[in-house]
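As a plain string of letters, each chain reads:
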Amino acid sequence: MRKKIVAANWKMNMTQAESAAFVKSLLLDLGDITDIEVVIVPPFTAIAKVMEALGPSQNIKLGAQNMHWEQNGAFTGEISAALLRDLFVRYVVLGHSERRTLFGETDEIVNRKVRAAHEAMLRPIVCIGETLEQRDKGNVEKILSIQLRGSLAGLSEKELHETVIAYEPVWAIGTGRNATPEQAQEAHAFIRHTLAKISDETTAERVRIQYGGSVKPDNAHELMSQPDIDGALVGGASLDPRSFAQIVKAAREEEL
Ligand code: PGA
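Residues numbered from 1 in each chain as written. Predicted model: local features only at pLDDT ≥ 70, side-chain atom pairs only at ≥ 80, totals over all residues. Heavy atoms only, no water.

Chemist: Quick question: what am I supposed to make of the overall build of the protein here?
Modeler: Along the backbone of the protein there are 12 helices and 8 strands. Whereas a compact globule of 256 residues would reach a radius of gyration of roughly 18 Å, the protein reaches 17 Å, a difference of no more than 12%. With the C-alpha coordinates of the protein rotated into their principal frame, the extents come out at 50 × 45 × 35 Å. A sequence separation of at least 24 residues applies to 73% of the contacts in the protein between residues at least 6 apart. Total accessible area on the protein stands at roughly 11900 Å², and carbon and sulfur atoms take up 51% of it. Computed over 29 positive and 35 negative side-chain charges, the separation of the two mean positions in the protein equals 2 Å. (Helix = DSSP H or I, 4+ residues; strand = E, 2+ residues; numbered from the N terminus. Rg over C-alpha atoms; globule rule 2.2 N^0.38 Å. Contact = heavy atoms within 4.5 Å. Areas by Shrake-Rupley, 256 points an atom, 1.4 Å probe, with all protein chains shown as cover. Lys, Arg positive; Asp, Glu negative; His and termini not counted. Charge placed at Lys NZ, Arg CZ, Asp CG, Glu CD.)

Set out below in structure tokens:
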């Protein structure tokens, strides 16, 4: 059984004060949730504040939105896995489509980061997904296969198992137009099939694959009920603690 994982990707939003208020409200709503893994991914500047606000709650984990592949050194403006670990970060989002398209990240760069994350015992959430043009041309599987093989090259079975994949069709991110549950399931099944080819069936069955792209409280349950959808990476709707809490609860088998 794969434990569902729901993550809040705040992107370039949320001051320290807003972050603390968010966590307070989320904890009230979710209590000490244990059946779903919840990850908050603040901007770097709010990570420590979120940690402080979480207090003794061990069930909500911290993530970061990016990192550099080197451990330290002369890389002005960058953050390393070791510096993230120092802030008790457990997950790191890598290869988000905004990083790929706005900041030129290639599969090779993503792969360096993924390997550096594992070396530092950080769990990567590796984002892949096709553009609308690629989908219209019938190239979804080709693109997903290239991104997966490139981003995950050289990982051991254990590292692969400890990697989370986020399928985020680029045309669904921040557009209000989510993939239908059928479209998403089809892509997720293909991703799992490709993971089995990269490693083996047993490992592929254990890898969690999140869906991301306009996830909202009203579409979350149907999406996450699909057999190969193991959670969500939520952008816009994760900025409001109420709606994020609803999405987390929607990850449960039975809707409340
Ligand atoms: P969205 O973003 O939920 O606002 O579409 C998802 C993401 O970019 O991770």
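Chemist: It is not clear to me how the packing of aromatic side chains should be interpreted in this structure. Could you clarify?
Modeler: Each aromatic ring pair is specified by the distance between its two centres and by the angle formed by the two planes. Per the counting criterion, the structure on display carries 3 aromatic pairs. Relative to phenylalanine 22, the ring of tryptophan 10 lies with its centre 4.8 Å away and its plane at 75°, an arrangement referred to as edge-to-face. With a gap of 12 residues between them, tryptophan 10 in the loop between β1 (5–9) and α1 (16–30) and phenylalanine 22 in helix α1 connect regions that are remote in the sequence. No difference in accessibility class separates tryptophan 10 from phenylalanine 22, as the two residues are buried. (Phe/Tyr/Trp six-rings, centres within 6.5 Å; stacked < 30°, edge-to-face > 60°. Buried < 20%, exposed > 50% of the residue type's maximum accessible area, 1.4 Å probe, protein only.)

Chemist: Which parts of the structure should I look at to understand the site of the ligand?
Modeler: Taken together, the neighbourhood of the ligand is formed by 13 residues, with Lys11, His96, Glu168, Gly174 and Ser214 sitting nearest. Here an oxygen atom of the ligand sits 2.7 Å away from a polar atom, N or O, in the main chain of glycine 174. Glycine 235 places a main-chain nitrogen or oxygen 2.9 Å from an oxygen atom of the ligand. Burial of the ligand by the protein chains amounts to 95% of its free accessible area of 290 Å². (Near = heavy atom within 4 Å. Polar contact = N/O pair within 3.5 Å; in protein donor to acceptor, adjacent residues only side chain to side chain.)

Chemist: Sorry if this is basic, but what is going on with the pattern of salt bridges here?
Modeler: It is possible for side chains bearing opposite charge to pair when their charged atoms get close. In this structure the tally under the stated criterion is 19 salt bridges. Linking lysine 11 and glutamate 98 is a salt bridge whose minimum nitrogen-to-oxygen distance equals 2.8 Å. Separated by 87 residues along the polypeptide, lysine 11 in the loop between β1 and α1 and glutamate 98 in helix α4 (residues 97–102) bring together distant segments of the chain. The structure contains a network of salt bridges with shared partners spanning Arg2, Arg192, Glu205, Asp228 and Asp230. (Salt bridge = Lys/Arg side-chain N within 4 Å of Asp/Glu carboxyl O.)

Chemist: Please clarify how the packing of helix α11 (residues 217–224) against helix α12 (residues 241–249) should be interpreted in this entry.
Modeler: Helix packing for two helices is described by the angle between their axes and how far apart those axes are. In contact at an axis separation of 8 Å, α11 and α12 are set at 20° when each is read in the N-to-C sense. Comparing their axes, α12 and α11 come out roughly parallel. The way α11 lies across α12 gives a crossing that is right-handed. Of the residues in α12, those in contact with Pro217, Ala220 and Met224 of α11 are Ser243, Gln246 and Ile247. A breakdown of the residues in the contact of α11 with α12 according to their chemical character gives 4 nonpolar, 2 polar and no charged. (Axes fitted to C-alpha atoms, helices over the stretch in contact; angles between N-to-C directions. Parallel < 35°, antiparallel > 145°, perpendicular 65-115°, else oblique. Left-handed = near helix turned anticlockwise from the far one by under 90°. Nonpolar A, V, L, I, M, F, W, Y, C, P; charged D, E, K, R; others polar.)

Chemist: Would you mind showing me how to read the sheet that holds β1 here?
Modeler: The pairing of strands in a sheet happens through backbone hydrogen bonds and is either parallel or antiparallel. Strands sit in the order β1-β2-β3-β4-β5-β6-β7-β8 around a closed barrel of 8 strands; the barrel is parallel. Averaged over all pairs of adjacent strands, the angle between strand axes in this sheet comes to 25°, irrespective of strand direction. Inspection of the sheet shows strand β4 (residues 91–94) paired to strand β5 (residues 123–128) by 4 bridges, in the parallel sense. In the strand pairing of β5, valine 92 is matched with proline 124. This element, α1, spans β2 (37–41) and β3 (60–64) of the sheet and lies at about 170° to β2. Set on the sheet, helix α9 (residues 181–198) makes contact with β5, β6 (164–167) and β7 (208–212); between it and β7 the angle comes to about 150°. (Pairing = 2+ DSSP bridges.)

This is a description of form; function is not addressed.
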